[in-house]
Amino acid sequence: MKSPRNQTVNYLLILLMLLVFIALSVQVKAQEKITAQPNIVLLMAEDIGIDLPSYGTKGLQTPNLDKLAKNGIQFNRFYTNSPICSTSRTSLMTGMYQTSMGGHHHRDKENVLPEHVKPMTHYLRQAGYSVLLGNELVYTAGRKLDLNFKTDKKNPVFDRKKKIEAGKPFFMQIQLKMTHRAMDDTWQQVRKASKHPVALSDVEVPPYLPDHPEVRLDIATYYDTLEYIDHEIGLVQQQLKEKGVLDNTIIIFMGDNGRCQVRGKSYLFEDGIHVPLIVAGPGIAANQINNDMTDGIDLTASILHLAGIQVPDHMQGQPLLNNSNYQAKEEIFAARDRHDEIVDNSRTVVEKRYKYIANFMPQVPWDARMAYYDIPTVRPILPLLRELHAAGKLNADQATFFAKTKPREQLYDLENDPWELNNLADSAAHQKIKARLVKKLDQWIENSNDHGLSKDANGDWQPVLKAFDICSIRSAAERNKKLCAGKTAKKNKKKKKTDKI
């Protein structure tokens, strides 16, 4: 027969076990609540390369991004599918190559999405998400959209004038625009206001640029704007914390295209399409580095997958996170077409080591004298570079950008030549490698239904040239004043705020 004391101990043990079970159940349910439908914030920085301390760049301080990378996963080989903002964002918003659905020309507002193609936010909204654009804490409120297709006013891409609602999951896209080269002296003002402007001596000058004080100042000022947006990211995170939603929010940081520099934005060099991607939040383990080949269409699929949404069949990417069916890619593809008044056509395939670029309009030089890039505050060192080139003061690597034509083909060994200085397209020792990449690119153009190319009678790819009214493009109209005089004054006046690059 058990003593009253033993019975009391047993009762206490049972009660303790019951309390532990209840506590664990509550914790599990709370965790399930956190991970069921997480909030997702997409921070999209404009015109940046992998120029961050977590990627190995020295001379600047980005504590918030450093912490984000430490707490989550950093993708070291993430590429946008275009080196131009609107085409890159069009690809991201649709989850398709911009060339596959007609969105490959910069600011082509006449393009209509195929009936079965919907913006990513359409599927998020169907799943119960609020889809929000911008945040008042960042420069210009971060509400820039810039898509190359007609939008439905009855079903807008983002919810109009909505804010975070209690108990409802949200997707928020915030454009970090301070890194974008403006038509005024915004960048210079950021540097003047900085308490610790980046020292010129800390700047690493790429070998395709001359080591000149003006060049160093240009890069240092760019770094200052990176520090500026890092501060903005900290403000957004603090706001989420104060609203009590940070713990259930996945934060994604990316660049929309490469840095606004020669060989950067607009071009298929690494500095034009290789950008940062960092993801952190509930369900994502810390201190991860991913070196797989990934791109923008994969990010679209990832966002939907994280929200618990099945990725539509027409989307061309795959979820990068928490995906049991994930298979690492061997290569990524990207394309460049019309940018403002400059009509061009190039395609690239990038493997981990080798990269091939096909220039289908080699007659169009890299320095094509685009009106936007000739604005002094947009590429302030461009006049200097042209002057040095005319005086014969640039070396061969630096002078290449100013050649009168582009090579028809470019092949680079990124492992041994990360700055893409040595074109191996005509190297006898690399013809098998080139043939492999040409075949991959040819198959991609064919299989992805590239709207920008068609085959001629000989079976060779040729650009599909689309007629554009250059007077409808403000920068082109300003450059062709005689041709466009009186034709688009009223239209340009109405579009003044939205037609900036």
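Residues numbered from 1 in each chain as written. Predicted model: local features only at pLDDT ≥ 70, side-chain atom pairs only at ≥ 80, totals over all residues. Heavy atoms only, no water.

**Comments concerning the overall build of the protein chain**
- Counting its secondary structure elements, the protein chain contains 14 helices and 15 strands.
- Counting only residues that meet the buried cut, the protein chain has 55% of its 501 residues in that class.
- Contacts spanning at least 24 positions in sequence make up 73% of the contacts within the protein chain whose residues lie at least 6 apart.
- Counting every atom, the protein chain has about 23,600 Å² of accessible surface; 53% of that belongs to carbon and sulfur. (Helix = DSSP H or I, 4+ residues; strand = E, 2+ residues; numbered from the N terminus. Buried < 20%, exposed > 50% of the residue type's maximum accessible area, 1.4 Å probe, protein only. Contact = heavy atoms within 4.5 Å. Areas by Shrake-Rupley, 256 points an atom, 1.4 Å probe, with all protein chains shown as cover.)

**Regarding the sheet that holds strand 7 (residues 277–280)**
- Strands sit in the order 4-5-1-6-7-2-8 across an open sheet of seven strands; the sheet is mixed. Two strands in the sheet have a free side with no partner beyond their single neighbour: strand 4 (130–133) and strand 8 (288–290). Adjacent strand axes in the sheet meet at a mean angle of 15° when their direction is disregarded.
- Alignment of strand 2 (residues 73–75) against strand 7, held across three bridges, turns out to be antiparallel. (Pairing = 2+ DSSP bridges. Axes fitted to C-alpha atoms, helices over the stretch in contact; angles between N-to-C directions.)

**A short note on the packing of aromatic side chains**
- Evaluation of the coordinates by the stated rule reveals eleven aromatic pairs.
- Aromatic side chains Y372 and Y373 sit 5.3 Å apart centroid to centroid with 40° between the ring planes, which places their arrangement in the tilted category.
- On the accessibility criterion, Y372 (1% relative accessible area) is buried.
- Between R379 and the ring centre of Y373, over which it is positioned, the NZ or CZ distance is 3.6 Å. (Phe/Tyr/Trp six-rings, centres within 6.5 Å; stacked < 30°, edge-to-face > 60°. Lys NZ or Arg CZ within 6 Å of the ring centre and 35° of its normal.)

**Notes on the layout of surface pockets**
- The volume enclosed by the second largest pocket comes to roughly 610 Å³.
- Considering the residues around the second largest pocket, the lining is formed by 32 residues, among which I50, D51, R259, D271 and W419 are closest to the centre.
- Secondary structure elements with two or more residues in the lining of the second largest pocket: helix 6 (213–242) and helix 7 (270–273).
- Sorting elements by how many residues they give to the lining of the second largest pocket places helix 6 first, with four residues.
- Classifying every residue of the lining of the second largest pocket gives 15 nonpolar, five polar and twelve charged. (1 Å grid on protein atoms, 1.4 Å probe; cavity = no way out; pocket = protein on both sides within 12 Å on 5 of 7 lines; lining within 4 Å. Points joined across faces, edges and corners; volume = space filled by probe spheres on them. Nonpolar A, V, L, I, M, F, W, Y, C, P; charged D, E, K, R; others polar.)

**Notes on the sheet that holds strand 10 (residues 331–336)**
- Taken in spatial order, the four strands of this open sheet run 10-11-12-13, and their pairing is antiparallel. The open sheet terminates on both sides in strands that have one partner only, identified here as strand 10 and strand 13 (409–413). Averaged over all pairs of adjacent strands, the angle between strand axes in this sheet comes to 15°, irrespective of strand direction.
- In terms of strand pairing, strand 12 (residues 354–359) meets strand 13 through five bridges, oriented antiparallel. The partner of A358 across the bridge, within strand 13, is E409.

**Focus on the confidence of the model for the protein chain**
- In this model, the protein chain carries an average pLDDT of 91, and 89% of its residues clear a pLDDT of 70 or more.
- For residues 26–35, every residue scores under 50 in pLDDT, and the model assigns this stretch six contacts once sequence neighbours within four places are set aside.
- Taken as a whole, residues 489–501 scores under 50 in pLDDT and shows 24 contacts with residues more than four places along the chain or in a different chain. (pLDDT = per-residue confidence, 0-100.)

**A short note on the nonpolar core**
- By size, the foremost hydrophobic cluster in this structure holds 69 residues, and its most contacted members are L43, I174, L176, L209, Y223, L226 and F253.
- Tallying contributions element by element places helix 6 first for this core, with ten residues.
- Each residue touching L209, except ones within four places of it in the same chain, is listed here: V215, Q261, V262, I381, L385 and Q398.
- Counting residues in hydrophobic clusters, the runner-up holds 41 residues, among them L124, L277, I303 and L320. (Core = buried A, V, L, I, M, F, W, Y, C linked by side-chain atoms within 4.5 Å.)

**Side note on the packing of helix 3 (residues 85–94) against helix 8 (residues 296–306)**
- At their nearest, the axes of helix 3 and helix 8 sit 7 Å apart, and the two run at 35° to each other. The interaxial crossing formed by helix 3 with helix 8 has right-handed handedness. Together, S91, L92 and T94 of helix 3 and G296, I297, L299 and T300 of helix 8 make up the contact between the two elements.
- Looking at the contact of helix 3 with helix 8 residue by residue, the classes come out as three nonpolar, four polar and no charged. (Left-handed = near helix turned anticlockwise from the far one by under 90°.)

**Digging into the pairing of strand 10**
- For strand 10, the tally of buried residues reaches six of six residues, placing the bulk of the element in the interior.
- Neither face of strand 10 is left uncovered, since the one carrying E331, F333 and A335 and the one carrying I332, A334 and R336 both have all their residues buried.
- As paired elements, strand 10 and strand 11 (residues 346–351) share six bridges and run antiparallel to each other. The residue bridging A334 from the neighbouring strand is T348, located in strand 11.

**Some remarks on the pairing of strand 1 (residues 39–45)**
- Along strand 1, seven of the seven residues are buried, which leaves the element largely enclosed by surrounding structure.
- Across the two faces of strand 1 the burial is the same, with N39, V41, L43 and A45 and I40, L42 and M44 all buried.
- The sheet contact formed by strand 1 and strand 5 (residues 170–176) spans six bridges and is parallel. Bridged to M44 within strand 5 is Q175.

**Some details on the side chain of D47**
- When you line up the elements, D47 lands in the loop between strand 1 and helix 2 (63–71).
- Take D47: its relative accessible area is 0%, and that puts it in the buried class.
- A polar atom in the side chain of D47 sits 2.9 Å from the side chain of N257.
- Here K265 takes part through its side chain, which lies 3.1 Å from a polar atom of the side chain of D47.
- Beyond its immediate sequence surroundings of up to four residues, D47 is in contact with T179, H180, R181, Y222, D256, N257, G258, R259, C260 and K265. (Polar contact = N/O pair within 3.5 Å; in protein donor to acceptor, adjacent residues only side chain to side chain.)

**Notes on the side chain of K440**
- In this structure, K440 sits in helix 11 (residues 431–447).
- Ignoring sequence-local partners within four residues, the contact set of K440 consists of E330, E331, F333, V349 and E351.

**Regarding the pattern of salt bridges**
- Tallying each qualifying case throughout the model produces 32 salt bridges.
- Across the salt bridge formed by D159 and R125, the nearest N and O atoms sit 2.8 Å from each other. In this pair, D159 sits in the loop between strand 4 and strand 5 while R125 sits in helix 4 (residues 120–126), placing the two residues 34 residues apart along the sequence.
- You can call R125 partly exposed: its relative accessible area is 28%.
- Between K440 and E331 there is a salt bridge; the shortest N-O distance is 2.7 Å. (Salt bridge = Lys/Arg side-chain N within 4 Å of Asp/Glu carboxyl O.)

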